[in-house]
Amino acid sequence: MAKEGAQRAEETEQMIEKEGGKEAAEGGSLRAADTKEMRAVVLSAFGGLNKLRVSKKAMPEPQEGELKIRVKACGLNFIDLMVRQGNIDNPPKTPLVPGFECSGIIEALGDSVKGFEIGDRVMAFVNYNAWAEVVCTPAEFVYKIPDDMSFSEAAAFPMNFVTAYMMLFEVANLREGMSVLVHSAGGGVGQAVAQLCSTIPNVTVFGTASSFKHEAIKDSVTHLFDRNADYVQEVKRISTEGVDIVLDCLCGENTGKGLSLLKPLGTYILYGSSNMVTGETKSFFSFAKSWWQVEKVNPIKLYEENKVIAGFSLLNLLFKQNRGGLVKVVMDKLLNLYNNKKIKPVVDSLWALEEVKEAMQRIHDRGNIGKLILDVEKAPTPLMANDSTETSEAGEEEEDHEGDNENKERMPFIQ
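The name an unreviewed UniProt entry gives the chain is VAT1L protein, with Odontophorus gujanensis as the organism. Within the UniProt record for the chain, the comment given under Sequence similarities (unreviewed entry) is "Belongs to the zinc-containing alcohol dehydrogenase family. Quinone oxidoreductase subfamily."

The next subject is the overall build of the chain. Each helix and strand counted, the chain has 15 helices and 15 strands in total. For the chain, the residues scored as buried account for 55% of the 415 residues in total. A sequence separation of at least 24 residues applies to 73% of the contacts in the chain between residues at least 6 apart. Entry remark: accessible area of the chain is about 18300 Å², with carbon and sulfur atoms responsible for 49%.

Time to look at helix α8 (residues 231–238). Of the residues making up α8, those classed as buried are Tyr 231, Val 232 and Val 235. One side of α8 holds all its buried residues, which, seen down the axis, span an arc of 105°. In the core, the buried residues of α8 are packed alongside β8 (179–182), β9 (204–209), β10 (223–226), β11 (243–248) and α9 (254–261).

All told, the structure shown has 17 salt bridges when counted by the stated rule. One salt bridge connects Arg 39 with Glu 354, and the closest N-O pair in it is separated by 2.9 Å. Of this pair, Arg 39 sits in strand β1 (residues 37–43) while Glu 354 sits in the loop between β14 (347–351) and α14 (356–364), and the two are 315 residues apart along the sequence.

Turning to the pairing of β14, a few remarks are in order. Pairing of β14 with strand β15 (residues 371–375), which is carried by four bridges, proceeds in the parallel orientation. Its bridge partner lying in β15, Leu 350 is registered against Ile 373. One crossover worth recording links β14 to the parallel β15 by way of α14, and it is right-handed.

Orientation of helix α5 (residues 158–171) relative to helix α6 (residues 188–197), taken along the N-to-C sense of each, is 50°, at an axis distance of 8 Å. Of the possible angle classes, the one that applies to α5 and α6 is oblique. Pair α5 / α6 crosses with right-handed handedness. Facing Asn 160, Phe 161, Thr 163, Ala 164, Tyr 165, Met 167, Leu 168 and Phe 169 of α5, the residues of α6 in contact are Gly 188, Val 189, Ala 192, Val 193, Gln 195, Leu 196 and Cys 197.

Attention now goes to unusual backbone geometry. A cis amide bond links Thr 94 to the next residue, Pro 95, at an omega of 0°. Structurally, Pro 95 is set in the loop between α3 (78–85) and β4 (101–109). Backbone geometry at Ser 184 places phi at a positive 50°, although glycine is not the residue there. Among the structural elements, Ser 184 can be located in the loop between β8 and α6. For Ser 184, a relative accessible area of 4% puts it in the buried group. With phi around 55°, Asn 322 is a residue other than glycine that occupies positive phi space. Along the chain, the position of Asn 322 falls in the loop between α12 (314–319) and α13 (324–339).

With parallel pairing, the six strands of this open sheet are ordered in space as β10-β9-β8-β11-β12-β13. Of all the strands in the sheet, just β10 and β13 (308–311) have a single pairing partner and so form its edges. The mean inter-strand angle of the sheet, taken between neighbouring strand axes irrespective of direction, is 15°. Looking at chain direction, strand β12 (residues 262–270) and β13 are connected through four bridges and run parallel. Bridging across to β13, Thr 267 finds its partner in Val 308. Docked against the sheet, α8 engages β8, β9, β10 and β11, running at close to 155° with respect to β10.

With 12 of 14 residues buried, α5 is to be regarded as a mostly interior element. Where α5 is concerned, the buried positions are Pro 158, Met 159, Asn 160, Phe 161, Val 162, Thr 163, Ala 164, Tyr 165, Met 166, Met 167, Leu 168 and Phe 169. Residue Asn 173 follows α5 closely and has a positive phi angle near 55°.

Reading guide: rules and limits
Position numbers for residues start from 1 in each chain and track the written sequence from start to end. Local features in a predicted model are, by the rule used here, given only for residues with pLDDT of at least 70; side-chain atom pairs are given and counted only at 80 or more, and totals for whole chains, interfaces and linings are based on all residues. Where side-chain values are given, they derive from all heavy atoms of the structure, hydrogens and water being excluded. UniProt positions are given in the numbering used here, feature names are shortened, and annotations may be inferred rather than shown by experiment. Secondary structure is summarised from DSSP: a helix means a run of H or I of at least four residues, a strand means a run of E of at least two, and numbering begins at the N terminus for each. Per-residue accessibility, obtained with a 1.4 Å probe over protein chains only, is compared with the maximum for each type, and a residue is labelled buried under 20%, exposed over 50%, and partly exposed between these values. Contact between two residues is taken to exist if any of their heavy atoms lie within 4.5 Å; hydrogens are not considered. Here the Shrake-Rupley method, with its probe set to 1.4 Å, supplies the accessible areas, and only the displayed protein chains count as covering residues. Directions are taken from the helix axis to each C-beta atom, and the arc is the one they span. Salt bridge, as used here, is a side-chain nitrogen of Lys or Arg placed within 4 Å of a carboxyl oxygen of Asp or Glu. Two strands make a pair as long as DSSP finds a minimum of two bridges between them. For crossovers, right-handed means that the path from the first strand over the helix to the second runs clockwise, given strands pointing away from the viewer. For helices, the fitted line uses only the C-alpha atoms of the stretch in contact; every axis is such a line through C-alpha atoms, and the angle between N-to-C directions lies from 0 to 180 degrees. Each angle gets one of four labels, with under 35 degrees taken as roughly parallel, over 145 as roughly antiparallel, 65 to 115 as roughly perpendicular, and the rest as oblique. When the near helix sits turned anticlockwise from the far one by under a right angle, the crossing is termed left-handed; a clockwise turn instead gives a right-handed crossing.

What follows is the structure in structure tokens.
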């Protein structure tokens, strides 16, 4: 372990020296540093995959309280598809650099930053701009990486595990002997939920997933159902009273189904609406269809049936509601679980920045098991290097036919 740490420190020094030498070759002046460029994924306008490009952008410098991170890996989430489509509340103006989480090495410290040093291996939440070679983000959103955690695992860790932990323990108060239903059990959040439930004795986990994923994830949940099957009847066949917790990333008609499965004092949590994403571009028809399928909640009915309905948005909690301190406490608990080998992020695949369109398509097709990662240092494959995705179905809308696309799991997203 010590030897690996020394090797990482040496690699970090060499990287910083290399960057410094490059800057000196450019003249070493402040003006040269100001015009330093980096590669970044840029969304030119809201729409299909053809709106994404890897471009050169000016490299950011840390402001007061911020850290500058040389990015090694970036997390890719369903919310990134929503952002690309402009299918979120109050979307930012384009062009923009997408992405909300990354891992890398600290390259510079802003004024008043404490607790970090240049060369530290870290993972971070970023309010957009994560899909780039360099990012700057406030120190309160940055966490040191355990020595034995890879950069790709670190990029897969924050969003999925913090979301899963806070829903289970902060909102729903998971305890011994309880039961949980989680949709998209093969996705990043679904796998995090399953692992966290295994840390509590006698927790029963019901999961839905596309049938082709069942063999790979069957050991992570207690009961696994095909996402196109009538899971309500399947759950009730096993547990006549239903379940204590429902974690819903689908929305639409699944809202009513989830509420119907709750035991008295049970908690339903909505943390996504991936049913509203059917085509490559924003579809008002799909959005309206899913919205009208949502169960209209009657507070009196909740009162009579002793049920709780809640929502969870990690990004809003961090960037709009200023709960970074609470999230840090959760991260400390999660890293302790990781160090004790109780949890481990599941990485589906690694993609070069230039392959972001293909990576997004894999999420859209619900083909992943665990997290997709953009590896900043990975070279694109020859077929993808020439922007081959221009010939894909980017920009076209498709109608979602129930029962079609059985190999496509609905991935969760965090808004």
